[in-house]
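Listed here are the chains, written in short residue letters.
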Amino acid sequence: LRPGKAFCAQNRRTSQPFALVSSEIIAEIISDPNIFANQPNPYSMLATDEVVTGDDIDKMRSTIRQFVREWAEEGAEEREQNYGIALNELEKYFPEETTQRSNIRVLTPGAGLGRLTFEVAKRGFDSESNEWSLYMLLAGSFILNRSWERRCVEIFPYIHQTCNVLHSEDVFRSVWVPDECPSEVLSEIGPRAGTMCMSAG
């Protein structure tokens, strides 16, 4: 569904306060560039051209929406359908009662924002994520390492969306993340929790 010009104009006017909230979150995500052990300035991996391209904006919007899929209560059903298969297989082949899971290394390629990597670590495995997109790496590092409690960040992932919109208020719907705070959860699990790391490339 594609709304008409009147809706688009109204959306641009009324979305400004929500867009400001989103921009504050983005600023917080990129405020800690020293997330790579062997790369003091990850932004050097980006193009040197200072002009923000449409492709850059699309990737940013996609990353913000990825928070819903991986770290919001609204994405729980989709996560169960996708991640549940892999997690069930790990439980099947490496039962906790008979396996020293800390000796089992699990790699998550194309890890996105790291939710599956976190779920694997929760179950006691040595869990490593691999992701190519710098956008995903920065956002994943933020949620995994710098979220201080569950539902501590409010985002508006649909604020710039003009397609597949039934009602104008739908684009202003907020989502709270994360539904689980990684540091709190792993701390509560204690020694039974596995290790977790991220790699780029």
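Residues numbered from 1 in each chain as written. Predicted model: local features only at pLDDT ≥ 70, side-chain atom pairs only at ≥ 80, totals over all residues. Heavy atoms only, no water.

**Q** I'm lost on the confidence of the model for the chain in this one. Help?
**A** Low pLDDT means the predicted atomic positions in that stretch should not be read closely. Taken as a whole, the chain shows an average pLDDT of 84; of its residues, 80% reach a score of 70 or greater. Taken element by element, the chain is modelled with least confidence in helix 1 (residues 5-14), mean pLDDT 41, and with most confidence in helix 5 (residues 115-122), mean pLDDT 98. (pLDDT = per-residue confidence, 0-100. Helix = DSSP H or I, 4+ residues; strand = E, 2+ residues; numbered from the N terminus.)

**Q** Just checking my understanding: could you explain the packing of aromatic side chains for this structure?
**A** Two numbers describe a pair of aromatic rings. These are the distance of the centres and the angle of the planes. Under the counting rule described, the total for this entry stands at two aromatic pairs. Both rings, one in Phe-94 and one in Phe-125, keep their centres 6.1 Å apart while their planes meet at 75°; by these two values the pair is edge-to-face. Linking Phe-94 in the loop between helix 4 (76-93) and strand 1 (105-109) with Phe-125 in the loop between helix 5 and strand 2 (126-131), this pair joins segments that are 31 residues apart in sequence. A relative accessible area of 28% means that Phe-94 is categorised as partly exposed. Arg-115 extends its terminal NZ or CZ atom over the ring of Trp-71, reaching a point 4.6 Å from the ring centre. (Phe/Tyr/Trp six-rings, centres within 6.5 Å; stacked < 30°, edge-to-face > 60°. Buried < 20%, exposed > 50% of the residue type's maximum accessible area, 1.4 Å probe, protein only. Lys NZ or Arg CZ within 6 Å of the ring centre and 35° of its normal.)

**Q** So what exactly am I meant to see when it comes to the nonpolar core here?
**A** Nonpolar side chains tend toward joint burial in soluble globular proteins. Counting residues in each nonpolar core, the largest one holds 25 residues, and the members touching the most others are Ile-29, Phe-67, Trp-71, Ile-143, Val-153, Ile-155 and Val-177. Elements that contribute at least two residues to this core include exactly helix 2 (16-29), helix 3 (54-71), helix 6 (134-145), strand 3 (153-155), strand 4 (175-177) and helix 7 (182-189). Looking at which element gives the most residues to this core, the answer is helix 6, with seven residues. Ignoring anything within four residues of it in the chain, the contact list for Phe-67 reads Ile-29, Ala-72, Leu-113, Ala-139, Ile-143, Ile-155 and Val-177. Listed in part, the seven residues of the second largest apolar core include Leu-87, Leu-90, Leu-116 and Phe-125. (Core = buried A, V, L, I, M, F, W, Y, C linked by side-chain atoms within 4.5 Å. Contact = heavy atoms within 4.5 Å.)

**Q** Before we go on, may I ask you to explain the packing of helix 5 against helix 7 in this structure?
**A** Packing of helix 5 against helix 7 leaves a shortest axis separation of 10 Å and a crossing angle of 10°. When the interaxial angle is binned, helix 5 and helix 7 end up roughly parallel. Here the hand of the crossing between helix 5 and helix 7 comes out left-handed. For the pair helix 5 and helix 7, the contacting residues are Phe-118, Ala-121 and Lys-122 in the first and Pro-182, Val-185, Leu-186 and Ile-189 in the second. Residue composition of the contact of helix 5 with helix 7, by class: six nonpolar, no polar and one charged. (Axes fitted to C-alpha atoms, helices over the stretch in contact; angles between N-to-C directions. Parallel < 35°, antiparallel > 145°, perpendicular 65-115°, else oblique. Left-handed = near helix turned anticlockwise from the far one by under 90°. Nonpolar A, V, L, I, M, F, W, Y, C, P; charged D, E, K, R; others polar.)

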